[in-house]
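Structural characterization, general
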Amino acid sequence: MIIMTKELAKNFDSKEAELRLYQLWEAGGFFNPDNLDLPENTPSYTIILPPPNITDKLHIGHAATLAIEDLFVRFYRMSGFRTLWIPGTDHAAIATQTAVEKKIKREENLTRQQLGKPEFLKRVDVFVKETQAVILNQVRQLGSSLDWSRLAFTLDAPRQTAVKELFVRMHEAGLLYRGERIVNWCPRCQSTLADDEVEHQEQQAKFYTFRYASDFPIVIATTRPETKLGDTAVAVNPKDKRYSQYIGQEFTVDFCGQVLKIKIIGDRHVDMAFGTGALGVTPAHSAIDWQMAEANHLPIIKVIDEQGKIHDGFGRFSGLSALEAREMVVEDLKNNNLLVSEEDISNNLSVCYRCDTPIEPLPSLQWFMSVDTPVAHLGGKSLKAKALEAVESGELEFLPARFQKKYQDWVINLKDWCVSRQIWFGHSIPAWYKGTEVYVGRTAPVGDGWVADQDTLDTWFSSGMWTFSTLGWPDTFAGGVKSGDLLRFHPTQVLETGYELITLWISRMVILSYFAVGELPFTKTYLHGMVLDVYGKKMSKSKGNGIDPLIVGETYGMDAVRLSLLSGITAGNDSKYHEEKTAVARNFVNKLWNVSRFILTQAPEPLVVNKAELTLADAWILSRLESVKISVTDSLTKYEFSAAAEDLRVFTWDELADWYLESTKFMSGQSTPAVLRYVLLEILKLWHPFIPFVTEELWQATGEGGYLIVVPWPKANQDYLSTEAEKDFAILKSVVVAIRTVRSENKLDPTKKLPAIIYTKQTELFESVKVLLKSLRTGVDDITIAKTGEAPADALYCQTAEAEIYLPVTVDKTEEIARLTKNEQEVKAFIDRLEKQLANAEFVNNAPTTVVNKERNRLVEFKDKQTALAQALAKLKNLL
RNA sequence: GGAUAUGUAGCUCAGUUGGUUAGAGCGCACCGUUCACAUCGGUGAGGUCACAGGUUCGAAUCCUGUCAUGUCCACCA
């Protein structure tokens, strides 16, 4: 066999290598587990890529997600699992529609209504294809080992079929119903929003305190006087003595020219201390008021319409915007002397999370998913009950564990989910209407006069199905039995995503998977923190503080980008991103490259380690390698990848490069080249999940054959573990460091060679590493080793736990004296401080134990200082 | 208002169930470069582990409180 080792360049050319290597892996079919010849009983390891929204290209946060997941996937693939990582993108209904609307407005100054639905959807389609291509290309460039043969889109044909099917089945099970409820309405998007799609912005508002009419007994307060046109009651706390006498009474008032019938009701939710302690109930425009209205059978009067304008039937107010109407109402109140006060308060304004338009709560006919209805095939339990059971039974695990509480709190308060949206882009709802008749089915009903539902589904409906809709459901679940991909890969092993998606996404996946497949979508969730900018602020397009991972990658290489995003982070905690981090990671990649380059010149061909021929350094590095394998594998299994990277970095840079490689330059045994090569091959494997490109490139250079991406994960060789070797080498290191330090402290000329006298009990060990003691930048030659002996007259002295070292040399004593004098002064200052503290100690006498403990500690320190002082003085005398 | 997290070196962060002298990287100071790597090597300085109590033989770590910062949820009628 002839092994050709490529001559390696001085630095890794990441730009040249990345695309070539990715194509190599893809052509090799390694991303698709079906191509790997795995035994039938091989356990699966499945991850779904959280499908990025196709609204925009990827940012550094996405890169972090991809780096983390690719790390998991590569680790498990090498560990022999049937590993599948499914790629996809999310149509992000409302977000995409908004993005395209803005684009059309900007470029053509047209609204979607002006374009019309068919034309608008065509534009969306073009937009989707463009951004999708950009995103998927970015994902590839980061080296993500995704199985592209299973690429999915939340709105492609298979997903449309699946969504339709699930909707029909849930409707049949009585879980989907249509009803009029107060919804969050965005007048700009012209659509409902889920509760968690509503954001709150602090703002200054006017808080008006007033009476409906002069003959009305109760004063109420509001920030939105215009909605009071629809009031049907005033609610007070039943315990409130000011108002309890009125409860049950009904008043007819003339409010700004509108006749209102106001009933006084008692409700314990009313806060007596807020405002006037009385609340005008507007059932149509407040969720809480709606509930009160239902409880008290109050009529509902709609004031504001879907455009944010006042409905017909309100006289001069009709047709005005809410704000215009508000001003007029206030004016009216003032004129009629009904306004008691007007004060500035700060309150939270609810706005649309996509367009920041203030949302308008109003009643609307929508589709809802019931979370409380018992489901027959789930043992009569509701979706909510199952979602809770998942964590209470411990079946669904959160990492970090604290997020379990967040999930639970949210599920406990879960209300029926409004799944319909009045936007154009998205999954259509498989429902048809004829008069009051409603038909839900896979295809349109036969007969004339049926009108298809014009709404679309909440985007989380389709992303909630992601674990099984990407695995062939419903076809792979015929007859309620899993088959094919679904059988092999579901439930997935871990869901890796940001903690902000616990409620929006994770909970929905749990619910929908239970209903559709009868099992959890995954058993573990790993939640990463957000990548923030240098100042700890969220990155966003509007702030312009976003970072494009590919641009950083151009400069430093994708391996460096990945490694910098994987280092120094912990689960669930945000991290700040500095470009310097990537530069540091690039330096490491360069170090690994050069370590490899050096080793491959020493050992260009496969060699066999012979344990009988090992030098101390050989035995030491082998033992350290095996320990590192164990700790790294353990950390990765526990998803503690930053710790694993840190262990590997220390091993590679400090132990391998700085100590072992240096030592082999001066002391090489028969097996040293074999050891060098073995260590290199093993660390390439260990590093591969973190920095796949450079490690694969180096693997190819070793001539070992095959592809690192599918090389088996290293197992620890217990035979190489040696506490003896680790201990002995540690002794050597400590002596070398001690000599270097004492020379540096005394500012000796580094090129000046000195003799050394070493007194140690371990003479044999020291004799055997004499050459290293001389060579490893100690500037020492002619070493005398003895068990005991006299201290030379003029010599630098240092010691370690195992040895006393003298370097005979004449040094300039003035510097030494200065240092000792400084030491003396420090000790004196300390004694002064201590005396003061002891003098003032009385006032803390109420905590005697602590004082005693503290004083004890201080005395120990004091004793040490005194010893140091005595030594310093003794030396000072000698010098003088 | 509720929940949750964070506070460790100038900066970014580790610190695994409480256990020797609290660590790393960057930055800084000094020294060094023909010999794998200046994207490098060596040495060093730099810490009241936010603050105050408590538990313990022993606390960065556990408990209580205070302060500061961040995030999420709810509400503001």
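From a predicted model like this one, the values you see are computed outputs, not experimental measurements.

1. Topic: the UniProt feature "domain: Aminoacyl-tRNA synthetase class Ia" (unreviewed entry) in chain A
Sequence positions flagged by UniProt for "domain: Aminoacyl-tRNA synthetase class Ia" (unreviewed entry) are, in local numbering, residues 21–438 and 452–571. End-to-end, the C-alpha atoms of residues 452–571 are 46 Å apart, and along that stretch the chain is 41% helix and 16% strand.

2. As for the nonpolar core
Counting 143 residues, the largest nonpolar core has Phe72, Phe641 and Phe690 as the members making the most contacts within it. For this core, the element with the highest residue contribution is helix H2 (residues 60–78), accounting for 12 residues. Residues in contact with Phe690, not counting those within four places in the same chain, are Leu71, Arg562, Leu563, Leu566, Leu636, Phe641, Ala644, Ala645 and Leu648. By size, the runner-up hydrophobic cluster in this structure holds 63 residues, among which are Ile48, Phe398, Phe461 and Phe522.

3. Some remarks on the confidence of the model for chain A
Low-pLDDT portions of the prediction should not be read for the details of their coordinates. Across chain A, the average pLDDT comes to 88, with 91% of residues at or above 70. Counted against residues more than four places away or in other chains, residues 1–5, with its pLDDT under 50, gives six contacts. Confidence drops under a pLDDT of 50 for residues 833–868, and excluding neighbours within four residues, the segment shows 11 contacts in the predicted structure. What the predictor reports for the complex is a pTM of 0.88 with an ipTM of 0.96.

4. Quick look at the environment of Ser734
Following the sequence through the fold, Ser734 ends up in helix H22 (residues 723–745). Looking at Ser734, the relative accessible area reads 30%, which means it is partly exposed. Note: C-alpha distance between Ser734 and Ala194 (540 residues apart in sequence) is 64 Å. Separated by 2.8 Å, the side chain of Ser734 and the backbone oxygen of Ile731 make a polar contact.

5. Here's the deal with the state of the cysteines
Counting across every chain of the model gives zero disulfides. Cys186 forms no disulfide, and the closest cysteine sulfur to it belongs to Cys189, at a distance of 3.6 Å. With no disulfide of its own, Cys418 lies 14 Å from the sulfur of Cys352, the closest cysteine sulfur.

6. A short note on the pairing of strand E1 (residues 44–48)
The buried fraction of E1 is high, at five of five residues. Pairing of E1 with strand E2 (residues 82–86) involves five bridges; the strand directions are parallel. Considered in E2, the bridge of Tyr45 is made with Thr83. Chirality of the crossover, the property in question, places the unit of E1, H2 and E2 among those that are right-handed.

7. Focus on unusual backbone geometry
A cis amide bond, omega 0°, links Leu399 with the succeeding residue Pro400. For the peptide bond that leads from Trp473 to Pro474, omega is 5°, which places it in the cis range. The topology assignment puts Pro474 in the loop between helix H12 (466–469) and helix H13 (484–489). With a phi close to 45°, Ala92 is a non-glycine residue in the positive phi region. Within the secondary structure, Ala92 is located in the loop between strand E3 (88–89) and helix H3 (93–108). Notably, Asn337 is not glycine yet its phi reads approximately 60°, a positive angle. Within the secondary structure, Asn337 is located in the loop between helix H8 (322–335) and strand E13 (339–352).

8. Things to note about the sheet that holds strand E5 (residues 176–186)
Whenever strands of a sheet pair, they do so through backbone hydrogen bonds, lying parallel or antiparallel. Read across the sheet, four strands follow the order E6-E5-E14-E16 without closing on themselves; strand pairing throughout is antiparallel. This sheet does not close on itself; its edge strands, each paired only once, are strand E6 (191–193) and strand E16 (417–418).

9. A short note on the sheet that holds strand E10 (residues 250–255)
In space, the four strands of this open sheet follow the order E10-E11-E9-E12, with mixed pairing throughout. Each having just a single partner strand, E10 and strand E12 (278–281) make up the two edges of the open sheet. The sheet shows a mean angle of 30° between the axes of neighbouring strands, taken without regard to direction. Alignment of E10 against strand E11 (residues 258–266), held across six bridges, turns out to be antiparallel. Looking at E11, one finds that Glu250 is bridged to Lys263. Along the sheet, helix H7 (residues 287–296) makes contact with strand E9 (233–236), E11 and E12, crossing E12 at roughly 80°.

10. Thoughts on the pairing of E5
As judged from the 10 bridges shared by E5 and strand E14 (residues 360–369), these two strands associate in the antiparallel manner. In the strand pairing of E14, Asn184 is matched with Pro361. Inspection of the sheet shows E5 paired to E6 by three bridges, in the antiparallel sense. Looking at the pairing, Cys186 lines up with Ser191 of E6. From the end of E5 to the start of E6, which pair antiparallel, there are four residues, and Gln190 there has a positive phi angle of about 60°.

11. Overview of the side chain of Gln408
Considering the arrangement of structural elements, one finds Gln408 in helix H10 (residues 403–412). In this structure, Gln408 is in contact with Leu388, Val391 and Glu392, ignoring residues within four places of it in sequence.

12. A short note on helix H6 (residues 157–172)
With 16 residues, H6 extends 23 Å from end C-alpha to end C-alpha; this agrees with the ideal 22 Å at 1.5 Å per step. Gly174 occupies a position one or two residues after H6 and carries a positive phi of about 80°.

13. Observations regarding the packing of aromatic side chains
A complete count under the given rule lists 38 aromatic pairs for this structure. Aromatic side chains Phe588 and Trp687 sit 4.6 Å apart centroid to centroid with 45° between the ring planes, which places their arrangement in the tilted category. Here the residue Phe588 occupies a position in helix H17 (residues 579–602), and Trp687 occupies one in helix H20 (residues 672–687), the gap between them amounting to 99 residues. In this pair, the class of Phe588 matches that of Trp687, namely buried. Pairing Tyr759 with Tyr806 gives two aromatic rings, centres 5.9 Å apart and planes at 65°, and the pair type is edge-to-face. With Tyr759 in strand E26 (residues 754–760) and Tyr806 in strand E29 (residues 803–808), this pair connects stretches of sequence that are 47 residues apart. Taken as a pair, Tyr759 and Tyr806 share a single burial class, namely buried. Every member of this aromatic cluster is reached through a ring pair, and the members are Tyr45, Phe75, Tyr76, Phe81 and Trp713. The cationic tip of Arg74 hangs over the ring face of Trp25; the distance from NZ or CZ to the ring centre is 4.3 Å. Between Arg140 and the ring centre of Trp148, over which it is positioned, the NZ or CZ distance is 4.3 Å.

What counts and what doesn't
- Residue indices follow the written sequence of each chain, beginning from 1 at its first position.
- The lettering of chains begins at A and the numbering of ligands begins at 1, in the order of writing.
- Selection of residues for local features in this predicted model requires a pLDDT of at least 70, selection of side-chain atom pairs for listing and counting requires 80 or more, and totals for whole chains, interfaces and linings are taken over all residues.
- As a convention, hydrogens and water are excluded, and side-chain values are obtained from all of the structure's heavy atoms.
- UniProt positions are given in the numbering used here, feature names are shortened, and annotations may be inferred rather than shown by experiment.
- A run of H or I in DSSP becomes a helix once it reaches four residues, and a run of E becomes a strand once it reaches two; helices and strands are each numbered from the N terminus.
- Residue types Ala, Val, Leu, Ile, Met, Phe, Trp, Tyr and Cys, when buried and joined through side-chain atoms within 4.5 Å, form a set referred to as a nonpolar core.
- Exposure classes here rest on a 1.4 Å probe applied to the protein chains alone. A residue is buried below 20% of its type maximum, exposed above 50%, and partly exposed in between.
- The contact definition used throughout considers only heavy atoms, calling two residues in contact when any of these lie within 4.5 Å.
- How sure the predictor is of each residue is captured by pLDDT, a score from 0 to 100.
- Here a polar contact means two N or O atoms within 3.5 Å. Within protein one must be a hydrogen donor candidate and the other an acceptor candidate, and residues neighboring in sequence count only if both atoms are side-chain atoms.
- Note on disulfides: each one is a pair of cysteine sulfur atoms within 2.5 Å.
- Should DSSP find at least two bridges between two strands, the strands are taken to pair.
- A clockwise course of the path from the first strand over the helix to the second, judged with the strands pointing away from the viewer, identifies a crossover as right-handed.
- Axis definition: a line fit to C-alpha positions, over the contact stretch in the case of helices; interaxial angles, taken between N-to-C directions, run 0 to 180 degrees.
- Every helix has an expected span of 1.5 Å times one less than the residues it contains.
- Note on aromatic contacts: the rings of Phe and Tyr and the six-membered ring of Trp form a pair at centre separations within 6.5 Å, being stacked when their planes are under 30 degrees apart, edge-to-face when over 60 apart, and tilted otherwise.
- Only Lys NZ and Arg CZ are tested; either one counts as a charge over a ring when it is within 6 Å of the ring centre and within 35 degrees of the ring normal.

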